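Geometric and topological summary
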Amino acid sequence: MSNIIDGKEIARKIRAEIKSKIASKKNAPGLAVVIVGNDPASLIYVKNKKAACEEVGIKSFEYNLPENTKEDELLSIIGKLNSDKNIHGILVQLPLPKHMDSQKIISAIGPEKDVDGFNPVNAGRLFSGQPGLRPCTPLGIMELINSTGVTLTGANAVVIGRSNTVGKPIAVMLLEKHATVTICHSKTLDIANIVRRADIVVAALGKPEFIKGDWIKKGAVVIDVGINRLDSKKIAGDVDFAAASKNAAWITPVPGGVGPMTIAMLLKNTLKSYETYTVI
Ligand code: GUN
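To start, this report covers the structure provided alongside it. (Residues numbered from 1 in each chain as written. Predicted model: local features only at pLDDT ≥ 70, side-chain atom pairs only at ≥ 80, totals over all residues. Heavy atoms only, no water.)

A look at the overall build of the protein
Where we set the bar: Each helix is a run of DSSP H or I of at least 4 residues and each strand a run of E of at least 2, with the numbering of both proceeding from the N terminus. We take the radius of gyration over the C-alpha atoms and set the globule estimate at 2.2 Å times the residue count to the 0.38 power. The classification of residues rests on relative accessible area computed with a 1.4 Å probe and restricted to protein chains. Under 20% of the type maximum is buried, over 50% is exposed, and intermediate values are partly exposed. Whether two residues touch is decided by their heavy atoms; if any such pair falls within 4.5 Å, the residues are in contact. In these tables, accessible area is a Shrake-Rupley quantity obtained with a 1.4 Å probe, and a residue counts as shielded only by the protein chains included in the view. The positive count covers Lys and Arg only, the negative count covers Asp and Glu only, and His and the chain ends enter neither. Charged side chains are reduced to one point each, which is NZ for Lys, CZ for Arg, CG for Asp and CD for Glu.
Helices and strands together make up the secondary structure of the protein, namely ten helices and eleven strands. Taking 2.2 N^0.38 as the reference for a compact globule, 280 residues should give roughly 19 Å; the C-alpha atoms of the protein span a radius of gyration of 19 Å, in line with that estimate. Taken over the C-alpha atoms alone, the protein extends approximately 50 × 40 × 40 Å along its principal axes. When the 280 residues of the protein are sorted by exposure, 48% land in the buried category. For the protein, contacts bridging at least 24 residues in sequence account for 71% of all contacts bridging at least 6. Here the protein has roughly 13,800 Å² of accessible surface; of this, 55% comes from carbon and sulfur atoms. Side chains of the protein carry 36 positive and 27 negative charges; the gap between the two charge centres is 2 Å.

Overview of the packing of aromatic side chains
Counted only if it meets this: Two aromatic rings, drawn from Phe, Tyr or Trp (for Trp, its six-membered ring), form a pair once their centres lie within 6.5 Å of each other, and the interplanar angle then sorts them: stacked below 30 degrees, edge-to-face above 60, tilted otherwise.
Considering all chains together, one arrives at one aromatic pair under this definition. Summarising the aromatic geometry, the rings of Phe210 and Trp215 are spaced 5.8 Å apart at their centres and angled 90° between planes, so their arrangement reads as edge-to-face.

As for the site of the ligand
To keep it simple, the criterion reads: The cutoff for a nearby residue is simple: one of its non-hydrogen atoms must lie within 4 Å of the molecule or strand. Counted as a polar contact is a pair of N or O atoms within 3.5 Å, where, for protein atoms, one must be capable of donating a hydrogen and the other of accepting one, and residues adjacent in sequence contribute only when both atoms are in side chains. Gly is placed with the polar residues, together with every amino acid not listed as nonpolar (Ala, Val, Leu, Ile, Met, Phe, Trp, Tyr, Cys and Pro) or charged (Asp, Glu, Lys and Arg).
Near the ligand you find Lys49, Leu91, Val92, Gln93, Leu94, Asp116 and Phe118, and these make up its full shell. Within the backbone of Leu94, an N or O atom sits 2.8 Å from a nitrogen atom of the ligand. One nitrogen or oxygen atom from the side chain of Asp116 is found 2.5 Å from a nitrogen atom belonging to the ligand. Grouping the constituent residues of the shell around the ligand by class yields four nonpolar, one polar and two charged.

Digging into helix H10 (residues 258-277)
What counts, and what does not: Here the expected length of a helix is defined as 1.5 Å per residue gap, with one fewer gap than residues.
Here H10 contains 20 residues, and its C-alpha end-to-end distance of 28 Å stays within 8% of the 28 Å for a straight helix at 1.5 Å per residue. For H10, the full list of buried residues reads Val258, Met261, Ile263, Ala264, Met265, Leu266, Leu267, Asn269, Thr270, Leu271, Ser273 and Tyr274. Looking at the packing, one finds that the buried side of H10 touches helix H1 (7-23), strand E2 (30-36), helix H2 (40-56), strand E4 (89-92), helix H6 (136-148) and strand E8 (221-224).

Examining unusual backbone geometry
Pro95 follows Leu94 through a cis peptide bond whose omega is 0°. Tracing the chain through its elements places Pro95 in the loop between E4 and helix H4 (102-108). Cis peptide bonds are those with omega within 30 degrees of zero, and the linkage from Val254 to Pro255 qualifies with 0°. For Pro255, the location among the structural elements is in the loop between strand E11 (250-251) and H10. Phi at Glu209 takes a positive value of approximately 50°, unusual for a residue other than glycine. Mapped onto the secondary structure, Glu209 falls in the loop between strand E7 (200-203) and E8. If you check the backbone angles, Lys233 has positive phi at about 75° while not being a glycine.

Remarks on the nonpolar core
We count it as follows: Here the nonpolar core consists of buried residues drawn from Ala, Val, Leu, Ile, Met, Phe, Trp, Tyr and Cys, with membership extended through side-chain atoms lying within 4.5 Å.
Leu31, Ile141, Leu174, Ile200, Val202, Ile223 and Val225 are the most contacted members of the largest nonpolar core, which totals 48 residues. Looking at this core, the element that brings in the most residues is H10, giving nine residues. Setting aside anything within four residues of it in sequence, one finds Val225 in contact with Thr137, Ile141, Val166, Val202, Ala203, Ala204 and Val258. Ranked by size, the runner-up nonpolar core spans 19 residues in total, among them Cys184, Val195, Ile211 and Ala248.

Notes on the state of the cysteines
Applicable threshold: Here, the term disulfide refers to a pair of cysteine sulfur atoms separated by no more than 2.5 Å.
Applying the stated criterion across every chain, the model contains zero disulfides. A disulfide-free cysteine, Cys53 has its sulfur positioned 11 Å from the sulfur of Cys136, the nearest such atom. With relative accessibility at 0%, the residue Cys53 sits in the buried group.

Set out below in structure tokens:
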């Protein structure tokens, strides 16, 4: 049976460290959270992000814009936030309504305030090994893997999913730590046999229990990024947790694995922005 990687507890410790660092600062870091429309899942994410900010002493400023907001209006708000000295991080909750070009919006966020790490400047910095703000979920995944004490150098890491937000950046971060990385996606042939060779599995494809227990190598580390709402209203990950637990040495639960880490890393990125660009 596996050891469970307790993301909730690891995230709690990180929040406590952030809180004590912020307590010693003269001014609170500020995070602007922009949400357009009323997507129920997005509203919950934003509420959780605001509560986490409050817990650690980050001032959050919410911009709740109607669904029919024009792209130019959003760009103008982002422009103002970019030059606002009290704002150190800007987060535009995704997905945006269909009439908006998400790439254009993300590109408008000043790279030094891009606490999501989605701006192409920060993506380029990650890709070329330069310091910058990195996406929160992959940062959280790296913390979870580190917590197991497993060595990444030379390990076979298999990432399932090739999104700009998780799959691609986590693959680069694992590569940076000298893992041999394979990225699988919807057109990959024989995913099962690729996963069977993996010492590290990162499942981020968004299909409930797609990764079967008998695909998991004995002793592997399994990180499940999936949050899939089933018809029964239950939440399932991308991995068949019960079956995978029989083979994995370490596995993250859903919920309580990657999710809390994403928010903890958002707070960490906001503090990083503040520390890097605030003249004290
Ligand atoms: N929507 C779902 N997850 C995220 C996230 O991490 N950041 C943003 N901006 N939007 C999201």
